[in-house]
Amino acid sequence: VANMDSHGLLQDGSTYIEFGAGKGILSLAISEALRQKDASSSGRFLMVERDGKGGVHNKADRILIPRAKAEGDVARLRIDIRDLDLSKLPMLQGASSVMQDQDKTQETGTEAENPNRATQELRTTSVVAVSKHLCGVATDLSLRCLENYSTAGGGNRGRVAGVAIALCCHHACVYEDYCGRSW
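Predicted model only: the values in this text are computed from it and were never measured.

Caption draft 1: Highlighting the overall build of the chain. A tally of helices and strands in the chain yields 6 helices and 5 strands. Reading the chain from its N end, one meets helices and strands in the order α-β-α-β-α-β-α-α-β-α-β. The buried share of the chain, reckoned over its 183 residues, is 41%. Expressed as a percentage of contacts within the chain between residues at least 6 apart in sequence, the contacts between residues at least 24 apart total 75%. With the model as given, the accessible surface of the chain reaches about 10,100 Å², and the carbon-plus-sulfur share is 49%.

Next comes the structure, spelled out in structure tokens:
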């Protein structure tokens, strides 16, 4: 988390996607770091995991949800990263539309064409992907998922501000899913 801060990735209003979230403790640590910087700071948190093993995995949710600035600022998805399309998530669709609306406002110099400005201020303009102990091929799948999100068409393209992933289980990787095959 300190490395993320030193690289400018701890920003109020960013959306943090924790791949392989488990209990969500990394998201909780990021939330604590944001609060230490500024007591009113808050991020949006999306915790992604392939399988849920009951209430134990929702440990951080009980703390993060009450801290959220708005309903829906904390979410948990149980899905294989291979099947995850971030551009279709309502939580993240606001990220690209806010950027587009802000650009329109700057171009026209008026806020009249931006009627949902109060709601949009709660939206994020960047995504930061994080994970600890992301096993084997899940790292490659996460990177591919983020690349697809950042290049999505139809106005749902998002901005990935950074990635902080601690790797593990290299022996579980398979060549077919490896994302660096071009070299």
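Caption draft 2: Main features of the pattern of salt bridges. For the structure shown, the criterion picks out 8 salt bridges. Taking the shortest distance from any N to any O, the salt bridge between Arg 44 and Asp 73 comes out at 3.0 Å. In this pair, Arg 44 sits in strand 2 (residues 44-49) while Asp 73 sits in the loop between helix 3 (61-67) and strand 3 (74-78), placing the two residues 29 residues apart along the sequence. Since its relative accessible area comes to 4%, Arg 44 is described here as buried. Of the charged contacts, one joins Asp 61 and Arg 76 as a salt bridge, the two residues approaching to 2.6 Å between their closest N and O atoms. Of the two residues, Asp 61 sits in helix 3 while Arg 76 sits in strand 3, which places them 15 residues apart along the sequence. Taking the relative accessible area as the measure of exposure, Asp 61 reaches 10% and is therefore buried. We classify Arg 76 as buried; its relative accessible area is 16%.

Caption draft 3: Just the confidence of the model for the chain, in detail. Looking at the chain, the pLDDT average stands at 77 and 72% of residues meet or exceed 70. Element-level pLDDT for the chain is lowest in helix 5 (residues 117-120), with a mean of 37, against a maximum mean of 95 in strand 1 (residues 15-19). Counted against residues more than four places away or in other chains, residues 95-124, with its pLDDT under 50, gives 33 contacts.

Caption draft 4: Highlighting the nonpolar core. Counting residues in each nonpolar core, the largest one holds 19 residues, and the members touching the most others are Ile 17, Phe 19, Leu 46, Ile 81, Leu 86 and Leu 92. For this core, the element with the highest residue contribution is helix 6 (residues 138-150), accounting for 5 residues. Non-local contacts of Leu 86, meaning those with residues more than four positions away in its chain, are made with Ile 17, Leu 46, Leu 92, Cys 145, Leu 146 and Tyr 149. Listed in part, the 17 residues of the second largest apolar core include Ala 21, Ile 30, Ala 33 and Leu 34.

Caption draft 5: Representation of unusual backbone geometry within the structure. Non-glycine residue His 133 carries a positive phi angle of around 60°. Here His 133 shows up in strand 4 (residues 127-135). The class for His 133 is exposed, based on a relative accessible area of 58%.

Caption draft 6: Examining the packing of aromatic side chains more closely. All chains considered together, the criterion is met by 1 aromatic pair. Relative to Phe 45, the ring of Tyr 16 lies with its centre 5.6 Å away and its plane at 25°, an arrangement referred to as stacked. One end of the pair, Tyr 16, is in strand 1; the other, Phe 45, is in strand 2, with 29 residues separating them in the sequence. Given the relative accessible area of 0%, Tyr 16 is considered buried. Its relative accessible area of 2% is what places Phe 45 among the buried residues.

Caption draft 7: Quick look at the environment of Pro 90. Position of Pro 90 relative to the elements: it lies in helix 4 (residues 90-108). In sequence terms Pro 90 and Gly 72 are 18 residues apart; their C-alpha atoms lie 9.4 Å from each other.

Caption draft 8: View of a positive patch on the surface. Taken together, the side chains of Lys 23, Lys 59, Arg 62 and Lys 132 present a region of like positive charge at the surface. In this fold, Lys 132 is placed in strand 4.

Conventions used here
Residues numbered from 1 in each chain as written. Predicted model: local features only at pLDDT ≥ 70, side-chain atom pairs only at ≥ 80, totals over all residues. Heavy atoms only, no water. Helix = DSSP H or I, 4+ residues; strand = E, 2+ residues; numbered from the N terminus. Buried < 20%, exposed > 50% of the residue type's maximum accessible area, 1.4 Å probe, protein only. Contact = heavy atoms within 4.5 Å. Areas by Shrake-Rupley, 256 points an atom, 1.4 Å probe, with all protein chains shown as cover. Salt bridge = Lys/Arg side-chain N within 4 Å of Asp/Glu carboxyl O. pLDDT = per-residue confidence, 0-100. Core = buried A, V, L, I, M, F, W, Y, C linked by side-chain atoms within 4.5 Å. Phe/Tyr/Trp six-rings, centres within 6.5 Å; stacked < 30°, edge-to-face > 60°. Patch = residues over 30% accessible without salt bridge, like charges linked within 9 Å, V, L, I, M, F, W, Y side chains within 5 Å. Lys, Arg positive; Asp, Glu negative; His and termini not counted. Charge placed at Lys NZ, Arg CZ, Asp CG, Glu CD.

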